[in-house]
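Summary of structural features
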Amino acid sequence: GGRGRGEPHRPWAVVVGACALLAAVVAAAAAAANLAFAAVGPAPRRRKAASCQSRRPAAALGGLGASGLRLPSSWIPLAAAGGEGDVAVPSGDAQSMPSDGDFAALQQRLNEERERPRFPLLVLDAMVPGQRLEFDSGDELLERLEEFGEVGVVGVWQQQPLRHGVVAQLKRLGDTKWELKALKHVRLAPPVEKTSEGLTMARFEAVRDEVAEVDVEVARTLEPLVQEWCSLVRSNKFERFDGQVSAILEELGPMPSAEDAGALALWVAALVNPLPALGVAYEIRPAALASASVSKRLEVVLQGIRGSIGHVSGEEPLF
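Below you will find a few notes about this structure. From a predicted model like this one, the values you see are computed outputs, not experimental measurements. (Residues numbered from 1 in each chain as written. Predicted model: local features only at pLDDT ≥ 70, side-chain atom pairs only at ≥ 80, totals over all residues. Heavy atoms only, no water.)

A few words now on the packing of helix H8 (residues 261-272) against helix H10 (residues 294-313). With their axes 9 Å apart at the nearest point, H8 and H10 run at an angle of 30° to one another. If you check the angle between H8 and H10, you find them roughly parallel. Considering the relative orientation of H8 and H10, their crossing is left-handed. Between H8, through Ala261, Gly262, Ala263, Ala265, Leu266, Val268, Ala269 and Val272, and H10, the contact on the second element is made entirely by Val294, Arg297, Leu298, Val301 and Ile305. For the contact of H8 with H10, the per-class residue count stands at 11 nonpolar, 1 polar and 1 charged. (Axes fitted to C-alpha atoms, helices over the stretch in contact; angles between N-to-C directions. Helix = DSSP H or I, 4+ residues; strand = E, 2+ residues; numbered from the N terminus. Parallel < 35°, antiparallel > 145°, perpendicular 65-115°, else oblique. Left-handed = near helix turned anticlockwise from the far one by under 90°. Contact = heavy atoms within 4.5 Å. Nonpolar A, V, L, I, M, F, W, Y, C, P; charged D, E, K, R; others polar.)

Put into structure tokens, the structure is as follows:
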């Protein structure tokens, strides 16, 4: 195995061997980088609009391109740097794989997208959770919407669609009879897109309430006001039909506790602005839905129910 007598010394052989080892390491790193790029790389070609219309949250990275998903700035495609192929390599002085922080940021974006499911958008009267709207329509579009099961519903205020609304269940009750049942309070997350089939699609994110102790104290004042309101509407003959208040209460279900002050405020808004309309209060649902905090929402519904009590009692008519 040693160098034979008279055989010249070849230091370049050591260099060649070292270069070969280095090339193998670089190739392995490039292959790993290619896998990382493939995992979060460019969005696939856009499919037909119908293929995107799913009730389930988007799980594929390809659907996130429009929402601003980007690779870490230190990683670029080799082709973009003047080379060949689609292998991703570090740019500049970056010589390492994406950090744990990069992958954590990517996972956070994925989680955010999953929490913003995509639904067809309907612009109607404002609805709040618990409300049910029955209507007649022969519009063929509803048959396509029924396939989704759930739709986003936002109201209109001063001729402009609201940014807050509800996710509602759409169900056919008869040949041309339909029902919308409002399920949860949501915020519309742009962009709003029109499909080739004429559907308006949008993403929605759930509104999460942060309830402070003072909110709970304020919310406790609503229960006696609700009892007074119900008694006055019944006794002063403001019901459109016998038992209307009882029907509204049954449809809305039990009144939320003061500890769940945000939900309680929406429940009161649904009570004084029921479907079908009772006509004894100013419209407060759009303001309740759009309130920036639980305390603001409580303020809206307190003004609404107190004003309605003044109206049905005859002390301070609203109109």
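This paragraph deals with H10. The end-to-end C-alpha distance of H10 is 28 Å, a good match for the 28 Å that 20 residues give at a rise of 1.5 Å each. At the exit of H10 stands glycine 314, carrying a positive phi of roughly 85°. (Expected span 1.5 Å × (residues − 1).)

The next subject is helix H7 (residues 244-252). Three or more residues of H7 are buried, namely Gln244, Val245, Ile248 and Leu252. Here the buried residues of H7 occupy an arc of 100° about the axis, which is enough to place them on one side. Of the surrounding elements, those touching the buried residues of H7 are helix H6 (222-235) and H8. (Buried < 20%, exposed > 50% of the residue type's maximum accessible area, 1.4 Å probe, protein only. Arc of directions from axis to C-beta.)

With that out of the way, let us pick up the nonpolar core. Core analysis: the largest hydrophobic core is formed by 40 residues, its most contacted members being Leu222, Trp229, Val268, Leu271, Val301 and Ile305. Tallying contributions element by element places H8 first for this core, with 10 residues. Once you skip the residues sitting within four places of it in the chain, valine 268 turns out to touch Leu222, Val226, Val301 and Ile305. Judged by nonpolar contacts, the second largest core, of 16 residues, contains Leu145, Leu170, Trp178 and Ala182. (Core = buried A, V, L, I, M, F, W, Y, C linked by side-chain atoms within 4.5 Å.)

Take the pattern of salt bridges next. For the structure shown, the criterion picks out 13 salt bridges. A salt bridge links arginine 172 to glutamate 143, with the shortest nitrogen-to-oxygen separation between them at 3.5 Å. Of this pair, arginine 172 sits in strand E6 (residues 160-172) while glutamate 143 sits in helix H4 (residues 141-146), and the two are 29 residues apart along the sequence. Salt-bridge contacts for arginine 220 lead to glutamate 217; the nearest nitrogen and oxygen are separated by 2.6 Å. With relative accessibility at 42%, the residue arginine 220 sits in the partly exposed group. (Salt bridge = Lys/Arg side-chain N within 4 Å of Asp/Glu carboxyl O.)

A separate point is the packing of aromatic side chains. For any pair of aromatic rings, the description consists of the separation of the ring centres together with the inter-plane angle of the planes. Taken as a whole and judged by the stated rule, the model has 2 aromatic pairs. Centre to centre, the rings of phenylalanine 119 and phenylalanine 204 are 6.4 Å apart; their planes meet at 40°, and the pair counts as tilted. Here phenylalanine 204 lies in strand E8 (residues 200-206) and phenylalanine 119 lies in strand E3 (residues 118-123), a separation of 85 residues in the sequence. The same class applies to phenylalanine 119 and to phenylalanine 204, which are both buried. (Phe/Tyr/Trp six-rings, centres within 6.5 Å; stacked < 30°, edge-to-face > 60°.)

Time to look at the packing of H6 against H8. It is at 12 Å that the axes of H6 and H8 come closest, and there the two elements cross at 10°. As the angle between them shows, H6 and H8 are arranged roughly parallel. Together, Leu222, Val226, Trp229 and Cys230 of H6 and Leu264, Trp267, Val268, Leu271 and Val272 of H8 make up the contact between the two elements. Here the residues of the contact of H6 with H8 are counted per class, giving 9 nonpolar, no polar and no charged.

Another aspect to go through is unusual backbone geometry. Cis geometry is adopted by the peptide bond preceding proline 191, which originates at proline 190 and carries an omega value of 5°. Position of proline 191 among the secondary structure elements: in strand E7 (residues 177-194). That bond from leucine 275 to proline 276 is cis: its omega, -5°, falls within 30 degrees of zero. For proline 276, the position within the fold is in the loop between H8 and helix H9 (285-290). Unlike most non-glycine residues, glutamine 158 shows phi in positive territory, near 50°.

Further remarks concern the pairing of E7. As judged from the 5 bridges shared by strand E4 (residues 132-136) and E7, these two strands associate in the antiparallel manner. Residue pairing for E7: aspartate 136 is matched across the bridge by lysine 177. Direction of pairing for E6 relative to E7: antiparallel, over a ladder of 9 bridges. Bridging across to E7, valine 167 finds its partner in lysine 184. Between E6 and the antiparallel strand that follows it, E7, lie 4 residues. When E7 meets E8, the two strands line up antiparallel, connected through 6 bridges. What sits directly across from lysine 194, in E8, is threonine 200. (Pairing = 2+ DSSP bridges.)

Taken by themselves, the reported measurements are silent on function.
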